[in-house]
Amino acid sequence: MTKWKEGLSGIALATAIMGAITTTALADAGELRIYNWTDYTSDEMIKKFEAETGVKVTIDTYDSNETALAKLSSGAAGYDVMIISNDFVPIFVKQKLFQEVDAGAMPNFKNVDPKWQHRSWDPDAKYTVPWVWGTTSYSVDTAVYKGPTDSLKPLFDPPAELKGKVGMFGSPTEVMSLALVYLGKDQCNSNPADLKELDALLEAQKPFVKVYNSDGIVERQVAGETVMHEQWSGKALATRQQKSTVKYVYPKEGVVGWMDNVAVPSTAPNVENAKKFLNFLMDPENIALQQKYTGYQSAIAGSNKYLAADIGGSPEFNPPADLKISFAPSCDEKAIRAYDRIWTNLRQ
Amino acid sequence: MGPNRTYLLIAPAMLVIGIFMVLPLFLAVAYSFMTANPYGGVTAPATFDAYLQFLYQRDFDDGLVFSPSYALIILRSIYLAIATTAICLVLGLPVAWYIVCQTPERRRILLFAVTLPFWINTLIRTYCWILILRDEGLANGALRHAGIISDPLPLLYNDGSILLGLVYTFLPFMVLPIYSTLERIDPRLIEAAHDLYASRAAVFRRIVWPLARPGALAGATLVFAPALGSFLAPDLLGGGKKLLIGSLIQMQFTSSRNWPFGAALSTVVTVVVLTVFVIRSRKAQEERR
Amino acid sequence: MTGAKPFDWRHTPGLSAYTALIFVFFYAPLLILVIYAFNSSRLVTVWAGFSFKWFVAVANNNSIRDAAFNSVIIAIVATIASTAIATAGALALERGRLRFGRSAATALIAMPLVVPEIVVAITTLIFFSGLGMHHGLINLMIAHTVFCIPFALLPIQARLRDMGGTLEEAGRDLYADEWRLFRRVTLPLLLPAISAGAIMAFVVSLDDFLISMMVSSAGSTTLPVYIYGMMRLGVTPEVNAISTILLAVSIVFVAAALLVGRRNRFA
């Protein structure tokens, strides 16, 4: 008697839980589901968007472009907008994972800085709106390393005293693209002679490298574990705020540029809200909130004036006008395989 | 128990794993015979290339050359997983025995204490280890303060720190199964053995170890297999300088976008390890007969 | 050997000290985690002064609390489901007469341990999408139950192997039906192993990243997925703060359970 009563109440409880879950899973009309890295979306900006439109925003998170691609190409759905780096935009487009939203025809598109209106990864702004951008170079503690800092040479061919004091990113593409800038070779290279040179360069650099890892760089630099580290501009600024002797280097060979972009997945349930959000982001005042939160440059003209002077006017935010910035394109199969081989052999 | 009831009892496990794991995995096997789509996923035509890649790579001039890189990575991963299992056994067995020797209430508290740290995300606990082990970290600071060393010891970013991370992550998976088998021990048996002038070593060999053995085997399985596939300890505590098979396979599905090779690696690892498990479990079954 | 001392098998010289050392090993990182939850710096590993601000941040951060809640709910469901399935499975494997298919069953149960996680993650997602199943939490509960089964099953199986069948055979003479035999004899004997298995299943589910990352859909982000997503922008002490809260809650729950257990015994 008691036994089946227990069983029955168990079933009732399970049904109640299932019911609760299904109700929350149903999307109501006023929703926007953002897919982004954690801590990469300004709360203040989201609150402003919610207040202006009445749309309720939820944020889900992923850890890298690569897993986001693997996830969406395996059929994951339900996200209305997602943030993705420039070299991944053409891949998502070719895989038909993004839908056309014609951002170029949106009212606020006029605010986009002219040099960013025709981005090579989305020339007609059919799919994406700029989120924030930055550069990749390296930062160095000038209290320890006194040598010249006008070139990428100290990073890739370090002096003897920096043995075991250099840090590099953990992602192969970002390491290779900066190395190719140093060598003065094309990005996404599949020329055998260039690849051998690249391979030799990284093998020779390896004894100087303490870690290949893209997270915890600020911590390693501040603690003095690494004197020199491949670094993004915004994180370099965060490091300098903790340790004033750390300098972000603008080398004569140039730097690698990156931009994260906002796109609408082809499976998005709330396309209209997504478009509202994209247009909202192209207002300088709105994107400035995002910049303030993450500390990177925006592609919207006039947004820096909403920032504090020590950030908006910082050297990390304002690269010299003559700096050569190469944006890494998405590479073809041959180059990917070659990079993969270099990377695997480097870490075998 | 009759055969009908036996099959009824095992059915839920078989169905759940069969439907939600084995069925999808056929896809991975199929992928391993396909060509990589440079943008992720696979395309036609069918090929054995992925399996060839274990030992041969295309060099920069497009010729096939023999390359031991992948074989080396696989061997190092197996070696580290075996070392992790052995260390966990040596460290875990006495702890399990200690817990068994306590009163029932203290047992419960101690068991909870063993598992409490594992409520915390591994990534975060790994960060804490970095904090302890790095050059300017707590361990080196303490040693320097005590005047034992003047230059920091390289405690981080080597095979030793990878091993430490793996042992730390998987030790409870050894302690708990051993505990749950030892818990059954009959005190009278040990007392009787002592009355017969058996030494502690003899008591361990004749009474404790035979009881602990099935638990230790279960623990070894639960430590070895996940340790073989782990990627966090090698990437963070190893400084990303050495690839292990877990990271290697993950790379194929992410940055390298070579799904067929990832699927091939995974298929081979699965088949080899499962075969070892089945042979071992058959042996255990025969011993009991 | 001092023959005068009475022999106490429960006491092995040096064992307490040894166990204490192992516990230091277990708890050293945890101590740091809790201390750094009160760090005023944004960086997890650089101390800048005492502050409660990360606890305030957790209180104001819906995403991190939802993620923690999702993780705990999924872990509870997966633990209950996998432990029930595993107990039945272990009984069948150790006590049943499997005339054929024993090796296949062993292999099948070990499978979730052996297959690399990323492969399970991607194929499971493709499988769910192919079936048109986009149920977020429910999909995650199913996926977690699958990989928790071996963790729950192996300790139970080991215990059954140790126990032999004698007690149950004695019980079979007393109780006619199998269900009562199970309730009165086998289950109480198995309980330590079932709880060990359940604890491991819970911990493994709570910590899972890759499978959760792939299988989760909008609105079902779990705590590990949230935390790994921080790696690009930098992990903040907010994670230490929510971990500390989680620890405190679990300690309170278990302490309460132990106290209730004690009172019942003395009542």
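As annotated in an unreviewed UniProt entry, chain B carries the name ABC transporter permease and comes from Mesorhizobium kowhaii. Entered under Subcellular location (unreviewed entry) in the UniProt record, the comment concerning chain B runs "Cell membrane". The UniProt entry for chain B carries the following comment under Sequence similarities (unreviewed entry): "Belongs to the binding-protein-dependent transport system permease family. CysTW subfamily."

Chemist: Hey, could you run me through the overall build of chain B in this one?
Modeler: Within chain B, the regular secondary structure consists of twelve helices and four strands. With the C-alpha coordinates aligned to their principal axes, the bounding extent of chain B is approximately 75 × 70 × 30 Å. Taken across its 289 residues, chain B has 58% of its residues classed as buried. Look at the contacts in chain B between residues 6 or more apart in sequence, and 62% of them connect residues 24 or more apart. Summed over all atoms, the accessible surface of chain B reaches about 11900 Å², with 68% contributed by carbon and sulfur. The averaged location of the 16 negative side-chain charges in chain B is 10 Å from the averaged location of its 23 positive side-chain charges.

Chemist: What's the story with the interface of chain C and chain B in this structure? I'm lost.
Modeler: By a widely used convention, the size of an interface equals the accessible area lost when the partners come together. With 101 residues of chain C at the interface, the matching set in chain B holds 104 residues. With both sides pooled, the region where chain C packs onto chain B buries about 9900 Å², and carbon together with sulfur makes up 76% of that total. Remark: the boundary between chain C and chain B carries one salt bridge. Put simply, R159 of chain C and E183 of chain B hold a salt bridge, and the shortest N to O gap is 3.0 Å. Between the two partners, chain C and chain B, sit nine residue pairs in polar contact (both at pLDDT 80 or more). The set of elements that each furnish at least two residues to the side of chain C that touches chain B consists of α1 (15-36), α3 (62-95), α4 (102-114), α5 (117-130), α6 (137-163), α8 (178-207), α10 (223-228) and α11 (238-266) of chain C.

Chemist: How do you make sense of the UniProt feature "transmembrane region" (unreviewed entry) in chain B when you look at a structure like this?
Modeler: In the numbering adopted here, UniProt assigns the feature "transmembrane region" (unreviewed entry) to residues 7-33, 78-100, 109-132, 160-179, 215-233 and 259-279 of chain B. The span residues 259-279 of chain B shows a helical share of 100% and a strand share of 0%, and its end C-alpha atoms are spaced 30 Å apart.

Chemist: How do you make sense of the environment of W129 of chain B when you look at a structure like this?
Modeler: One can find W129 of chain B in helix α5 (residues 122-133). We classify W129 of chain B as buried; its relative accessible area is 7%. For W129 of chain B and S161 of chain B, which are 32 residues apart along the polypeptide, the C-alpha to C-alpha distance reads 9.1 Å. In this structure W129 of chain B touches L164, Y168 and L237 of chain B together with F25 and P29 of chain C, once residues within four positions along its chain are discounted.

Chemist: Looking at this structure, how should I read the pairing of strand β7 (residues 228-232) of chain A?
Modeler: Remember that side chains alternate between the two faces of the sheet whenever the strand is regular. All names here are of chain A. The buried fraction of β7 is high, at five of five residues. Of the two faces of β7, the one holding M228, E230 and W232 and the one holding H229 and Q231 are both buried throughout. As defined by bridge partners, strand β4 (residues 128-141) adjoins β7 across five bridges and the pair is classed as antiparallel. Its bridge partner lying in β7, S139 is registered against H229. Taken together, the two bridges between strand β5 (residues 166-168) and β7 define a ladder with parallel strand orientation. Note that in β7 the partner of G167 across the bridge is H229.

Chemist: Would you mind going over the state of the cysteines with me for this structure?
Modeler: What is meant by a disulfide is a covalent connection between two cysteines, made through their sulfur atoms. Under the defined criterion, the tally for this structure stands at one disulfide over all chains. Disulfide partner of C188 of chain A: C331 of chain A, at an S-S distance of 2.0 Å. For the disulfide bridge between C188 of chain A and C331 of chain A, the dihedral angle about the S-S bond is near -80°, and by the sign convention the bridge is left-handed. Residue C188 of chain A is found in the loop between α6 (172-183) and α7 (192-205), and its partner C331 of chain A is found in the loop between β10 (325-327) and α13 (333-346); the two are separated by 143 residues along the sequence. Residue C88 of chain B stays outside any disulfide, its sulfur separated by 19 Å from that of C148 of chain C, the closest cysteine. Since its relative accessible area comes to 0%, C88 of chain B is described here as buried.

Chemist: Even after reading the chapter, I still don't get the domain arrangement of chain A, so can you show me in this structure?
Modeler: All names here are of chain A. When cut into domains, chain A gives domain 1 (29-133 + 258-312) and domain 2 (134-257 + 322-346). Taking only C-alpha atoms, the centre of domain 1 and the centre of domain 2 are 27 Å apart. Taken together, the contact between domain 1 and domain 2 spans 13 residues of the former and 16 residues of the latter. Summing both sides of the interface, domain 1 and domain 2 together bury roughly 1100 Å²; the carbon and sulfur share of this comes to 55%. Of all residues in domain 1, the largest losses of buried area upon contact with domain 2 belong to D87, W258 and Y296, amounting jointly to 45% of the total for that side. Applying the counting rule to domain 1 against domain 2 returns zero salt bridges. At the junction of domain 1 with domain 2, the criterion picks out two residue pairs in polar contact (both at pLDDT 80 or more).

Chemist: Explain helix α3 (residues 69-100) of chain B to me, please; I cannot follow it from the model alone.
Modeler: The α-helix winds at 3.6 residues per turn, so residues separated by three or four positions along the chain end up facing the same way. Between its first and last C-alpha, α3 of chain B extends 46 Å over 32 residues, near the 46 Å set by a 1.5 Å rise per residue. Maximum bend of α3 of chain B: about 30°, positioned at G92 of chain B, with proline P94 of chain B one to four residues after it.

Chemist: Would you mind going over the packing of aromatic side chains with me for this structure?
Modeler: Here the distance between the centres and the angle between the planes together describe a pair of aromatic rings. The tally for this structure, following the rule as stated, stands at 48 aromatic pairs over all chains. Look at W116 of chain A and W133 of chain A: their rings are 4.9 Å apart centre to centre, the planes differ by 55°, and that puts the pair in the tilted class. Here W116 of chain A, found in the loop between α4 (89-94) and β4, pairs with W133 of chain A, found in strand β4; they are 17 residues apart in sequence, far enough to count as distant. For W116 of chain A, a relative accessible area of 8% puts it in the buried group. A relative accessible area of 6% means that W133 of chain A is categorised as buried. With a centroid separation of 6.3 Å and an interplanar angle of 25°, the aromatic rings of F25 of chain C and F26 of chain C are classed as stacked.

Chemist: Quick question: what am I supposed to make of the pattern of salt bridges here?
Modeler: Side chains that differ in sign of charge can pair as their charged atoms come close. Residue and element names in this part refer to chain A. Going through the model one piece at a time under the given rule, you end up with 18 salt bridges over all chains. E197 serves as the salt-bridge partner of K185, at 3.5 Å between the closest nitrogen and oxygen. Taken together, the residues K185 in the loop between α6 and α7 and E197 in helix α7 connect sequence positions twelve residues apart. Residue classification places E197 among the partly exposed positions, given a relative accessible area of 36%. K275 serves as the salt-bridge partner of E272, at 4.0 Å between the closest nitrogen and oxygen. Of the two residues, E272 and K275 are both situated in helix α10 (residues 271-281); the distance of three residues between them amounts to about one turn of the helix. Since its relative accessible area comes to 53%, E272 is described here as exposed. In the salt-bridge network here, residues are joined through shared partners; they are K185, D194 and E197.

Chemist: Is there a simple way to explain the packing of α6 of chain A against α13 of chain A in this structure?
Modeler: All names here are of chain A. Interhelical geometry of α6 versus α13 gives an angle of 100° and a closest axis separation of 10 Å. Looking at the two axes, α6 sits roughly perpendicular to α13. Of the residues in α13, those touching α6 at P172, T173, V175, M176 and L180 are Y339, I342 and W343.

Cut-off values and rules
Residues numbered from 1 in each chain as written. Chains lettered and ligands numbered in written order. Predicted model: local features only at pLDDT ≥ 70, side-chain atom pairs only at ≥ 80, totals over all residues. Heavy atoms only, no water. UniProt positions renumbered as here; feature names shortened; annotations may be inferred. Helix = DSSP H or I, 4+ residues; strand = E, 2+ residues; numbered from the N terminus. Buried < 20%, exposed > 50% of the residue type's maximum accessible area, 1.4 Å probe, protein only. Contact = heavy atoms within 4.5 Å. Areas by Shrake-Rupley, 256 points an atom, 1.4 Å probe, with all protein chains shown as cover. Lys, Arg positive; Asp, Glu negative; His and termini not counted. Charge placed at Lys NZ, Arg CZ, Asp CG, Glu CD. Buried area = accessible area lost by both parts, 1.4 Å probe. Salt bridge = Lys/Arg side-chain N within 4 Å of Asp/Glu carboxyl O. Polar contact = N/O pair within 3.5 Å; in protein donor to acceptor, adjacent residues only side chain to side chain. Pairing = 2+ DSSP bridges. Disulfide = S-S within 2.5 Å. Domains from an automatic or database assignment. Expected span 1.5 Å × (residues − 1). Bend = angle between axes of the 7 residues up to and from the residue. Phe/Tyr/Trp six-rings, centres within 6.5 Å; stacked < 30°, edge-to-face > 60°. Axes fitted to C-alpha atoms, helices over the stretch in contact; angles between N-to-C directions. Parallel < 35°, antiparallel > 145°, perpendicular 65-115°, else oblique.

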